[in-house]
Amino acid sequence: MGAGIAQIAAQNGHEVIMNDTQRVALDRARKGHENIMARLVVKERVTPEESKATLKRIHYSTSLNDLCPCGLIIEAVIESIEVKQAIFKNLCELSENKAILASNTSSLSIASIGSVVKDPSRVVGIHFFNPAPLMPLVEIIPAVFTSNETVTEARAIIDSWGKVTVLAKDTPGFIVNRVARPFYGEAVRIYEEGIADPATIDWAMTELGGFRMGPFTLMDFIGHDINYAVTESVFEAFYYDPRYRPNFTQKRMVEAGWLGRKTGKGFYSYQEGAEKPKPNEDAKLGGDILWRILVMLINEAADALNLGVASKEDIDLAMTKGVNYPKGLLQWADEKGIQNCVDTLDHLQSEYGEDRYRCSPLLRRMAREGKSFY
């Protein structure tokens, strides 16, 4: 991710210092940048002169001291509070010039990461989506101590790179990684219950729902170690709310080393010659699968709005630009009918007796008052 962010900044005219403790990682990043820019020249996305200028603007260093002149420092290391805090503590001692200190964390607390900084008003979350050069969305996450000036300046810089920024509250998962949990969790629950296999569920979501990738294909693509870790992190951060509970199916796959595409085996086989199983293209079954997953996504989006995580516009924008949903979930709720959403959720909770299906109070209130999101 760090290499992709460095590429974007350099392409937009910034002098960039890419820092890593391992020289081999920097050499790999340099080679990657050279290959990517060469491909962009072949595709006529950039000129040879632009490619050369971009590469010249990226500098590679193993010393944190080299970051002293930077006005914006974006950390993109592993998702560990302890590791990130150690880095930020070192950065604040180096950058007394009031540089913005940003974390690219996908779900960890910005307040916790920035708590070790002497002047935390300059700490902010700037969360890119992978691959950073291609995905338009960036979540901007101020902590309780982040100054308005830091938020404004950080957002202006990222906007100038041609990205679509949304403002998110410093809560677990921010917008996308919170709202998207049912896309994976409810799909696996349907599979675990024997209602349909992964191929059929993926077919329902892509062919009937218009999603670019089905949940099982997407989990295989992301990597089950990463996807499961985010689910576990969000579950723990929400004080073990059953709506975010991880599933044993994915846990066992991680334990078995079936991590998806990168290991050749996940919900599907990626070995040479392997054939993808054919789905059951029953329209009634597919429609039921789509609606069950969709109403859970709508419920999560409504709850995020109810709790002030983001504006309705930013929630819908985040899901369409960050994970390529075919339309905003709150817009979809209006089309499906708020009362219909409430009735479905109430039926699921009655059927299963689980709090994971509890209806957002905002949806229930809107249905009672005959309101819509737009």
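Residues numbered from 1 in each chain as written. Predicted model: local features only at pLDDT ≥ 70, side-chain atom pairs only at ≥ 80, totals over all residues. Heavy atoms only, no water.

**Student:** What am I meant to see in helix α2 (residues 23-42) here?
**Tutor:** Every α-helix winds through 3.6 residues per turn, so residues three or four apart in the chain are directed the same way. Taking 1.5 Å per residue, 20 residues should reach 28 Å; α2 reaches 29 Å between its end C-alpha atoms and fits that length. When α2 is considered as a whole, its buried residues turn out to be Ala25, Leu26, Ala29, His33, Met37 and Leu40. The arc that holds the buried residues of α2, viewed along the axis, is 100°, so those residues lie on one side. The exposed residues of α2 that point more than 90 degrees off its buried face are Val24, Arg28 and Val42. Lining the buried residues of α2 we find α1 (2-11), β1 (16-19), α3 (48-57) and β2 (58-61). Where α2 terminates, the next one or two residues include Glu44, which has phi positive at roughly 60°. (Helix = DSSP H or I, 4+ residues; strand = E, 2+ residues; numbered from the N terminus. Expected span 1.5 Å × (residues − 1). Buried < 20%, exposed > 50% of the residue type's maximum accessible area, 1.4 Å probe, protein only. Arc of directions from axis to C-beta. Contact = heavy atoms within 4.5 Å.)

**Student:** Sorry, what's going on with the sheet that holds strand β5 (residues 123-128) here?
**Tutor:** Hydrogen bonds between backbone atoms are what pair the strands of a sheet, whose relative direction is either parallel or antiparallel. With respect to topology, five strands assemble into an open sheet ordered β3-β4-β5-β6-β7, the strand pairing being mixed. The sheet terminates laterally at β3 (72-75) and β7 (164-167), the two strands that pair on one side only. Strand-to-strand, the axes of this sheet are offset by a mean angle of 30°, without reference to chain direction. Pairing geometry for β5 and strand β6 (residues 137-142), over five bridges, is antiparallel. (Pairing = 2+ DSSP bridges. Axes fitted to C-alpha atoms, helices over the stretch in contact; angles between N-to-C directions.)

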